[in-house]
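The lines below spell out each chain.
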Amino acid sequence: MVVINSHRTTAIVIRNSGDKVVLVPMKGGRLSARTLSFAEFRENWREAGYSLSQALTTFLSHVMKWGASNEVSRGLEKLAARDRFVVSSLF
C-alpha cells in the first residue's frame, strides 16, 4: 500500500501485522523503516493515489542509488515479487 501524510511524505507499507505497521518513508539518502502502532498509522497516514508498481519502481531505483537498511531492501523486494506474481496471474 502506498500512503501519504499531512507533510506530503510518501511511504510504502512493507508489513502490517494488525497491531503494528512497518512503512518506508521516501526521503533523501539511505532509506530506513519506521514502525508505528496501527492507531498512530491510521491517524497520520492515508492511502495515496499512486499505483504500487509505480511507487515500487521509484523506491527501488532510490535504493540502488542511495542504499537502504536490510529490512527495507527485503520488504521492497517481497512486495515487488508479490506484485509481479499478481499481475502475471491476470494474463
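This text goes with the structure placed above it.
The following refers to the structure shown.

Conventions adopted
- Residues numbered from 1 in each chain as written.
- Predicted model: local features only at pLDDT ≥ 70, side-chain atom pairs only at ≥ 80, totals over all residues.
- Heavy atoms only, no water.
- Helix = DSSP H or I, 4+ residues; strand = E, 2+ residues; numbered from the N terminus.
- Contact = heavy atoms within 4.5 Å.
- Buried < 20%, exposed > 50% of the residue type's maximum accessible area, 1.4 Å probe, protein only.
- Pairing = 2+ DSSP bridges.

**Focus on the environment of Val 72**
And then number 1: Structurally, Val 72 is set in helix 3 (residues 70-90).
And then number 2: Along the backbone, Val 72 and Lys 27 are 45 residues apart, and their C-alpha atoms lie at a distance of 13 Å.
And then number 3: Setting aside its immediate chain neighbours within four residues, Val 72 contacts Ile 14, Val 24, Leu 31, Ser 32 and Ala 33.

**Looking at the pairing of strand 3 (residues 20-25)**
And then number 1: Extensive coverage of strand 3 is indicated by the burial of 5 of its 6 residues.
And then number 2: Between strand 2 (residues 10-16) and strand 3, which pair antiparallel in sequence order, lie 3 residues; one of them, Gly 18, sits at a positive phi of approximately 100°.
And then number 3: The sheet contact formed by strand 3 and strand 4 (residues 34-37) spans 4 bridges and is antiparallel. Bridging across to strand 4, Lys 20 finds its partner in Ser 37.

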